[in-house]
Amino acid sequence: MATIQSIAGENEQHPDVALVERVRAGDVSAFDELVRKYERQVFRIAQHITQNREDAEDVMQDAFLKAYEKLDQFQGNSKFYTWLVRIAVNESLMRLRRRRTGRMVSIDEDVETEEGSVPRDLADWAPDPEQNYSQSELAEILRKTIQGLPPGFRVVFALRDVEGLSTEETAETLGLSIPAVKSRLLRARLQLRERLSRYFKRRTGSTAVGAEK
Amino acid sequence: MTCSEFLAMLDDLIDNEVTANMRADLEEHLRGCEHCEVTLSTTRKTIQIYRSHEIYEMPASLRERLHKAIMAKCKKGC
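Given the structure is predicted, the values throughout are model-derived calculations rather than measurements.

Parameters at a glance
- Residues numbered from 1 in each chain as written.
- Chains lettered and ligands numbered in written order.
- Predicted model: local features only at pLDDT ≥ 70, side-chain atom pairs only at ≥ 80, totals over all residues.
- Contact = placed C-beta atoms within 7 Å.
- Helix = DSSP H or I, 4+ residues; strand = E, 2+ residues; numbered from the N terminus.
- Nonpolar A, V, L, I, M, F, W, Y, C, P; charged D, E, K, R; others polar.
- Core = buried A, V, L, I, M, F, W, Y, C linked by C-beta atoms within 7 Å.
- Buried ≥ 20, exposed ≤ 12 C-beta atoms within 10 Å, placed from the backbone.
- Domains from an automatic or database assignment.
- Expected span 1.5 Å × (residues − 1).

(A) Highlighting the interface of chain A and chain B. If you look at the interface, chain A gives 38 residues, while chain B gives 31 residues. When residues of the side of chain A that touches chain B are traced back to their parent elements, those giving at least two are α3 (28–50), α4 (53–69), α6 (135–147), α7 (151–162) and α9 (178–200) of chain A. Partitioning the side of chain A that touches chain B into residue classes produces 21 nonpolar, four polar and 13 charged.

(B) Looking closely at the nonpolar core. Residue and element names in this part refer to chain A. In terms of nonpolar packing, the biggest core is built from 49 residues, with Val-42, Ala-46, Met-60, Ala-63, Leu-84 and Ala-88 touching the most fellow members. Listed by contribution, the elements that provide at least two residues to this core are α2 (15–24), α3, α4, α5 (80–99), α6, α7, α8 (167–174) and α9. Formed jointly, this core draws a minimum of three residues from each of two domains, domain 1 (2–99) and domain 2 (129–200). Dropping the residues within four chain positions of it, Val-42 is found in contact with Met-60, Ala-63, Leu-84 and Ala-88.

(C) Focus on α4(A). In this model α4(A) runs 24 Å from its N-terminal to its C-terminal C-alpha over 17 residues, within 8% of the 24 Å that 1.5 Å per residue would give. Considered for burial, the residues of α4(A) that qualify are A:Asp55, A:Ala56, A:Glu57, A:Val59, A:Met60, A:Gln61, A:Asp62, A:Ala63, A:Phe64, A:Ala67 and A:Tyr68.

Right, dumping it as structure tokens:
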């Protein structure tokens, strides 16, 4: 299904191209449409990288303003969305560095951690583990857990798994090689999984007959 | 297949980027390895949970603020 859609997509103009052309012709309302379409994603990405609400709000505003100003430089050989994401990622990293003056912040740095090799925590999770928590408790758990990842892992996970960019798009956006994206994604996924196990693992004495040996 | 070899292919399996032959090998390993079975299912669940829950709600005022900033730019330049 996905293959059929992507083949059809190659011959059709992406709807964003028409919106970009309208903005270039002076129609600001077309830019509002682009904002409405992507504001949540840009805000999420900025939050994932900066881990700071105020910074994320500023990044979202600055990224769209920059995109608006630089729209003439948008070539159209990449998708508008990935072009916008690249601007947002750069703005976010700049803010992160500013807040962490003196501390090295780089997404190029390949962080070696002990986690991410063969998982240690073998406990299986409850069937619908999120149901043991309220929405706000769950959101807090997910925020706290992803916050603990190194920025270079966090951003790869956010782009690939949360925002649904392809490996190639993620590599291009971050200026990383495809193997670097793949290796970070695997370690990010495994580290998150291991950290979430603390909250989601099947509780002893529950319905799991024979699970505890 | 060892657990480390399975793990090296974990992402490709999750992202559906394995050949039929490789998939058969991975599935054979899974049948005899509870450890990797749990790793696979809980990693899938990790991705699904992050994908389906909005953990950073965008404040409603932000769009209005952005709109004003764009209109201000527009008055100057368009």
